[in-house]
Amino acid sequence: ALEAVLSALPTWLTVHAALCTGVDGWSDRDRVECAFTAVRTITTISRFRSLWPVMADALEAVLRPTCLLVQQIDPGYAEAVIHADDGGSSEEEDNGPAQLVAQLMELIQAMLLGPQLRALLKGRARSLLQLLVPFMRVTEAQARAWREDPNEFLAQEEDDRVRGCAVRLSGEYLVGELLGHMKREAGKAIAGLAAELLERGETERAAGDTKAWKLTELALLIFGISASDLDVKSLKRSDLASLVPVAFSTCGRLCGDSGVPDLLRARAFAVLRRLGDAVCAMSPSDLPALLDAAACALTLNEPMVVRVSACRAFCRFLTAVSDKALRDRLLVERGVLASLGSLMRGADEELLHLTLESLCVIVRQCPDTIVTVASSLASLILEIWLRSRSDPLVGLQVLDLVSCATAANPQLQLALEAGLLPAVLQDLQLGSDPHAASSAVQLYGVLLKRAAVPLAGLLWQCVEPLIALIMKSEESGFLENACDSLICLVQRAPTQVTDAGLLVPMLQCVEHLLGPGLDDNACLFVGPFTTLLLSQFGKLLPAQVVTGLLRALVLRLSHAKLPYLKQELFVVVARLMHEDLAGVLGALAAMQLPRKDGTGDRNGLEFLLSMWMVDAEQIRARRARNVTVSALCRLHERCGADQQLGSLQVDGISSPTLSERLLALILAALEFENERCRKHQASLQSADLDDSEEDDDEDDDDDGDALGGASKSRTAQLLSELVDLEDDDDDLDELLGAGGGEGDTYQDLERSDPFHSMDLRRTAGEYLARQPQPHNGDLARKLAAALAEANGSATA
């Protein structure tokens, strides 16, 4: 079949080349439509590697007439679309000029991926860019849309594949791909073209041409795209080096001039923000003036699109200035805080996310200044929270802002408590809307984490309504968040909990959460909460309470489906075994529980063990593995002293004995630890190899692979291969981009557990080494191999 395709392909390409050329008598519209259809089809098949050799000989005949046609439509397109508002019809038109230009850009990108096709483009980067880049100018319809809705401008800036702007987006991708695959040639071409467009735009603007600003804007756009992928050192050595000071000074001048067209001024702020590291390194003396310009551009009388870009630039460079007096003057005297508040109150969608992020940056950088407006901050946060709490993404950003503020200054904590807790308490009353209650308990949990202890005032008054609401609720979102708050309460104020008689109500909450009627998601975090209660108050609990808890745990396990829920429930049982193995075994053996199939009752111990044997391999979190496997070691050791227990066959007379099955599970755990260590070591070696093979930018040739310089070993890594990343806290923080902030409640709870630091490989290995050799030959061989690997690694 491939041979047939290859033999027919030259003729087929000749036909499509003819479509791009057109014939006498065709209208301009017919020419554009036919060329678009041909180019789109060729773009599709150009992604098949096996066709590249044949296509390489014929694509020239397609590109030449298409480029000539694009050149012919340029003047008319500029007048009808770029300089006139066509209402967006050019973007919505099928097979029109805009679609043809965008499709040609995509064909060139596809050609860049294959060495044989890419060879056709060598020496033509500059001419292609000169032909296509002018189509990337802002159209009047785009300008109107961005002025009317800055959310669309933000989406475009974030490359969110927004509707419209097809030519501009395709052009941005084309510039990036050319730089990735034809670095030297494309770098020189882009630098020269950007410089020409910038000079021409500013010259014509000075001469009074009201349309010339679009040339300057386009020059800054492609300069920003090409420079943003370079670090400061590489930028100084690149073809853009001579353009950098010109572009930076031009942007600075445009930012400070309120008479500049709004979208050009917005572009200037956007470019400086995008190249923030380079600006800080190469023009540090300009930062105060830039911050001042951004502060002025944030005021109410400025166009919204300018305010949006100025806001982003201000927050980027605020972090680069250490002069506290300057920052305070800008925030208060220049009215940045007031401007940001007014911007936030009218914001939605992307703009609301931006303003919340910006306020977080300002709070982190200038907490002492924010304290002076603490009550206003609390009122603003309350307003945004009440308005947007049905939006989970905005809700998370509000929580992040509150957490940031409470961490920054104790006075901000007090101000936020006073401003937010009355609304929280109101939403925690019985009969409240479930979504409002869930949002309220999330906010309550954040405020709890840094509140002064002993807890007082509204913080403490919220506890009893929270517990009452938990006992009545079946809503999963609320109960998940409620567990977080209860954990925080127990961690921060255990004495208050017992002194106020709240231990029994909390145990009743556990009983409610373990109830078989609740959805798994609703009780997802009951395990960590129960584990914490046992570690804090276990000695205060009478035996009958522990027995009742065991019964509820086993029954919930029989209904649970989510692996995480099962894992954490097994952890609770295992912790109880570590505390009192004999008591737990006796209590389980004495209880009768209904079978899953409803055929009668079953011994509680057999019931638990049968589920544990099935689900043991799903327990993968570090702390959970350590707790459960070490408990299995103790249980197996008990089997050696209790013949009746050791010979128990939990799944019928044909199944192996309990002692044999426990030994197999412990061995499987050791094998897993060996595998995890192998993968971890391999990943470290792979990282070292990647670092040693990393080439200097100057040595990169133009024939880079389609990965665009990405590490093949890292790219090929599957999520399933990232086994137990939490075993190396530093690596995990680096992977997740941790900035040293507050961790997740449950992650923090796990890491504070003494079992988290256990060396399970060593513990399981030493235990298995003490056991007599199994009679099962296969099991004995596996055991010897696992112990040899574990001991070998330990020795190494």
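Residues numbered from 1 in each chain as written. Predicted model: local features only at pLDDT ≥ 70, side-chain atom pairs only at ≥ 80, totals over all residues. Heavy atoms only, no water.

(A) Local environment of the nonpolar core. The biggest cluster of nonpolar side chains holds 269 residues, and the ones touching the most others in it are Phe223, Phe269, Phe314, Ile362, Tyr444, Phe478 and Trp612. Broken down by element, this core gets its largest block of residues, 11 residues, from helix H4 (residues 59-82). Residue contacts for Tyr444: discarding those within four places in its chain leaves Leu421, Val424, Leu459, Cys462, Val463, Leu466, Ser485 and Leu489. (Core = buried A, V, L, I, M, F, W, Y, C linked by side-chain atoms within 4.5 Å. Buried < 20%, exposed > 50% of the residue type's maximum accessible area, 1.4 Å probe, protein only. Helix = DSSP H or I, 4+ residues; strand = E, 2+ residues; numbered from the N terminus. Contact = heavy atoms within 4.5 Å.)

(B) Representation of helix H18 (residues 287-297) in the model. Of all 11 residues that make up H18, 8 are buried, and the element is covered over most of its length. The set of residues buried in H18 consists of Leu287, Leu290, Leu291, Asp292, Ala293, Ala294, Ala295 and Ala297. Along its buried surface, H18 packs onto helix H15 (243-255), helix H16 (262-274), helix H17 (276-282), helix H19 (304-318), helix H20 (324-333) and helix H21 (336-345).

(C) Layout of the side chain of His512. Locating His512 in the fold gives a position in helix H32 (residues 503-513). Polar contacts involving the side chain of His512 include one to the main-chain carbonyl oxygen of Ser473, which spans 2.8 Å. Discounting chain neighbours no more than four positions away, the residues touching His512 are Ile470, Met471, Ser473 and Leu518. (Polar contact = N/O pair within 3.5 Å; in protein donor to acceptor, adjacent residues only side chain to side chain.)

(D) Summary view of the environment of Gly652. Topologically, Gly652 is positioned in the loop between helix H39 (643-646) and helix H40 (658-693). Judged by its relative accessible area of 28%, Gly652 is partly exposed. A sequence separation of 628 residues divides Gly652 from Asp24, and the C-alpha atoms of the two residues are 87 Å apart.

(E) Expanded view of the state of the cysteines. Tallied over the entire structure, the rule returns 0 disulfides. The cysteine Cys360 is free of any disulfide, with Cys404 supplying the nearest cysteine sulfur at 4.8 Å. Left unpaired, Cys483 is separated from the closest cysteine sulfur, that of Cys523, by 8.6 Å. Overall, Cys483 belongs to the buried group, its relative accessible area being 1%. (Disulfide = S-S within 2.5 Å.)

(F) The arrangement of the confidence of the model for the protein in detail. For the protein, mean pLDDT is 88; residues scoring 70 or higher make up 91% of the total. Confidence over residues 694-741 falls short of pLDDT 50; this stretch has 64 contacts with residues more than four positions distant or in other chains. (pLDDT = per-residue confidence, 0-100.)

(G) Just a negative patch on the surface, in detail. A grouping of Glu152, Asp348, Glu349 and Glu350 is seen on the molecular surface, where their side chains present a negatively charged patch. Counting through the fold element by element, Glu152 comes out in helix H10 (residues 150-157). (Patch = residues over 30% accessible without salt bridge, like charges linked within 9 Å, V, L, I, M, F, W, Y side chains within 5 Å. Areas by Shrake-Rupley, 256 points an atom, 1.4 Å probe, with all protein chains shown as cover. Salt bridge = Lys/Arg side-chain N within 4 Å of Asp/Glu carboxyl O. Lys, Arg positive; Asp, Glu negative; His and termini not counted. Charge placed at Lys NZ, Arg CZ, Asp CG, Glu CD.)

(H) The packing of aromatic side chains, seen in detail. Counting across every chain of the model gives 6 aromatic pairs. When the ring of Tyr77 is compared with that of Phe135, the centres are 5.2 Å apart and the planes differ by 50 degrees; the resulting orientation is tilted. Of this pair, Tyr77 sits in helix H4 while Phe135 sits in the loop between helix H8 (125-132) and helix H9 (140-148); the two residues are 58 residues apart in sequence, bridging distant segments of the chain. A relative accessible area of 5% places Tyr77 in the buried class. Accessibility expressed as a relative area gives 1% for Phe135, which makes it buried. Note on Phe223 and Phe248: the rings are 6.3 Å apart at their centroids and 80 degrees apart in plane angle, and the pair reads as edge-to-face. Residue Phe223 is found in helix H13 (residues 213-228), and its partner Phe248 is found in helix H15; the two are separated by 25 residues along the sequence. For Phe248, a relative accessible area of 7% gives the class buried. Members of the aromatic cluster, each reached through a chain of ring pairs, are Phe525, Tyr564 and Tyr746. (Phe/Tyr/Trp six-rings, centres within 6.5 Å; stacked < 30°, edge-to-face > 60°.)

(I) Local environment of the packing of helix H6 (residues 97-112) against helix H11 (residues 166-181). Orientation of H6 relative to H11, taken along the N-to-C sense of each, is 20 degrees, at an axis distance of 9 Å. Judged by the angle between their axes, H6 and H11 are roughly parallel. For H6 against H11, the interelement crossing comes out left-handed. In contact with Ala98, Val101, Ala102, Met105, Glu106, Ile108, Gln109 and Leu112 of H6, H11 contributes Ala166, Val167, Ser170, Gly171, Tyr173, Leu174, Glu177, Leu178 and His181. When its residues are assigned to classes, the contact of H6 with H11 shows 11 nonpolar, 4 polar and 2 charged. (Axes fitted to C-alpha atoms, helices over the stretch in contact; angles between N-to-C directions. Parallel < 35°, antiparallel > 145°, perpendicular 65-115°, else oblique. Left-handed = near helix turned anticlockwise from the far one by under 90°. Nonpolar A, V, L, I, M, F, W, Y, C, P; charged D, E, K, R; others polar.)

(J) Structural detail: the pattern of salt bridges. Here the structure, examined in full by the defined rule, presents 36 salt bridges. A salt bridge links Lys214 to Glu140; the shortest N-O distance between them is 2.7 Å. Linking Lys214 in helix H13 with Glu140 in helix H9, this pair joins segments that are 74 residues apart in sequence. Here Glu140 falls in the partly exposed class, since its relative accessible area comes to 24%. Where Asp753 meets Arg575, a salt bridge forms, and the shortest distance between an N and an O atom there is 2.4 Å. With a gap of 178 residues between them, Asp753 in the loop between helix H43 (745-751) and helix H44 (760-769) and Arg575 in helix H35 (residues 563-579) connect regions that are remote in the sequence. Each member of the pair Asp753 and Arg575 is classed as buried.

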